[in-house]
Amino acid sequence: METPQRIFDLLYYQQNKFPEIDVFASKVDSSWKTIPTLEFIEHVNKISQALIAFGINHGDKVGVISENRWEWNALDFAIQQVGAVVVAVYPNISEKDYKFIFNDALIKLCFVSSKDLFEKIKNLQSEIPSLEDLYAINEAPEINNWKEFIKLGSQVPHIEVDTIKENVHTDHLATLIYTSGTTGNPKGVMLSHKNVLADVMSSEFSFPVSSGQRALTFLPVCHAYERVFHYVYIYKGLTIYFAGSLETIGSDMKEVKPHIFSAVPRVLEKVY
């Protein structure tokens, strides 16, 4: 496959170049469960089909508020594939900032990880005119679950996703990443597929890793730094392991034995 021109091309590049690779791994019931790239791509395409059925169009903004998990990445790629814009939001900011970001970006649809986040955004929905619906990844009583959302796409032919993908160009807007707001209200940084991939391609040579190796991820993927790391890992054919928490990161590292791990001083101090 040619050099990726859109961010979601990275997935297909990995599948084509390293077909034996498991793209992600998470701890489930005390053991690590991996997801082969092809299986992950199937998840991504089903979400894209559901987004089309829902009425998400080119340029629409879709929010994702979640801790690091493979579902975050699945939504990231699926939203991009239909030409929509991923608005990556931290799961621990104030209601004031959520309301500002949602209204500033004109978020049409949002996915959150937990019941607590679902209820927090739901309580703000009357003040966010653009927000049509909201779904949670974790299952809980009386809240919309993303499995229900994915079922919406059952009647959308897969070829429709392929057709829309062909019309997504490298210069199109791929994501909005909001700043922390330390100088006033958060600012939405507009990044195209080309912007992000330029960073990915320039970074790959400084990563001393090769296909088949393991990466441990902990820093928030909604931030540009760890997000680009993920994209480079996929491009180079690594398996990305999700650390459980700051408390488990030391034991996770012992079990996974990663070849690469991005960190900040606080994480290193905890491990030490």
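For the structure itself, look to the data block above.
As the structure is a computational prediction, the values presented were derived from the model and not from experiment.

Caption draft 1: View of the nonpolar core. Residues F40, L51, F77, L109 and F111 are the most contacted members of the largest nonpolar core, which totals 61 residues. For this core, the leading source of residues is helix α2 (residues 37–54), giving eight residues.

Caption draft 2: Representation of α2. Taking 1.5 Å of rise per residue, the 18 residues of α2 would be expected to cover 26 Å, and the 26 Å separating its terminal C-alpha atoms lies within 8% of that figure. Here α2 has its buried residues at T37, F40, I41, V44, N45, I47, S48, Q49, A50, L51, I52 and F54. Of the residues flanking the end of α2, it is G55, one or two places downstream, whose phi is positive at about 110°.

Caption draft 3: Summary view of the packing of aromatic side chains. Taken as a whole and assessed by the stated rule, the structure comprises 16 aromatic pairs. Consider the rings of F54 and F149, whose centres lie 5.9 Å apart with planes at 55°: the pair is tilted. Of the two residues, F54 sits in helix α2 while F149 sits in helix α6 (residues 146–151), which places them 95 residues apart along the sequence. Each member of the pair F54 and F149 is classed as buried. These aromatic residues form a ring-pair network of at least three members: F24, F40, W70, F77, W146, Y231 and F242.

Caption draft 4: Structural context of the pairing of strand β1 (residues 22–28). Two strands pair when backbone bridges link them, and β1 and strand β2 (residues 31–36) are joined in this way by six bridges, in the antiparallel orientation. Paired with V28 across the bridge in β2 is S31. Connecting the antiparallel pair β1 and β2 is a turn made up of two residues, with D29 showing a positive phi of about 50°. Note that β1 and strand β10 (residues 239–242) share two bridges and pair parallel. Looking across to β10, one finds that F24 is bridged to I240.

Caption draft 5: Summary view of the pattern of salt bridges. On inspection of all chains with the given rule, the structure shows nine salt bridges. K115 is the salt-bridge partner of E119, the closest N and O atoms lying 4.0 Å from each other. Of this pair, E119 and K115 both sit in helix α5 (residues 115–124), four residues apart, which is roughly one turn of the helix. Residue E119 is classed as partly exposed on the basis of its relative accessible area, which comes to 35%. What makes K115 partly exposed here is its relative accessible area of 35%. In this structure, E139 engages K147 in a salt bridge whose closest nitrogen and oxygen atoms are separated by 3.0 Å. When its relative accessible area of 59% is taken as the criterion, E139 is described as exposed.

Caption draft 6: Here's a closer look at the pairing of strand β9 (residues 214–217). In terms of strand pairing, β9 meets β10 through four bridges, oriented parallel. Paired with L216 across the strands is Y241, a residue of β10. The β-α-β motif built from β9, the intervening helix α9 (residues 224–236) and the parallel element β10 has right-handed crossover chirality. As judged from the two bridges shared by β9 and strand β11 (residues 260–261), these two strands associate in the parallel manner. Residue pairing across strands places L216 opposite F261, the latter belonging to β11.

Caption draft 7: View of the environment of I101. The topology assignment puts I101 in helix α4 (residues 95–105). Given the relative accessible area of 4%, I101 is considered buried. Expressed as a C-alpha distance, the spacing of I101 and I177, which sit 76 residues apart in the sequence, is 10.0 Å. Residues within four places of I101 in sequence aside, it is in contact with V87, V89, I93, Y178 and P186.

Criteria and cut-off values
- Residues numbered from 1 in each chain as written.
- Predicted model: local features only at pLDDT ≥ 70, side-chain atom pairs only at ≥ 80, totals over all residues.
- Heavy atoms only, no water.
- Core = buried A, V, L, I, M, F, W, Y, C linked by side-chain atoms within 4.5 Å.
- Buried < 20%, exposed > 50% of the residue type's maximum accessible area, 1.4 Å probe, protein only.
- Helix = DSSP H or I, 4+ residues; strand = E, 2+ residues; numbered from the N terminus.
- Expected span 1.5 Å × (residues − 1).
- Phe/Tyr/Trp six-rings, centres within 6.5 Å; stacked < 30°, edge-to-face > 60°.
- Pairing = 2+ DSSP bridges.
- Salt bridge = Lys/Arg side-chain N within 4 Å of Asp/Glu carboxyl O.
- Right-handed = clockwise from strand over helix to strand, strands pointing away.
- Contact = heavy atoms within 4.5 Å.

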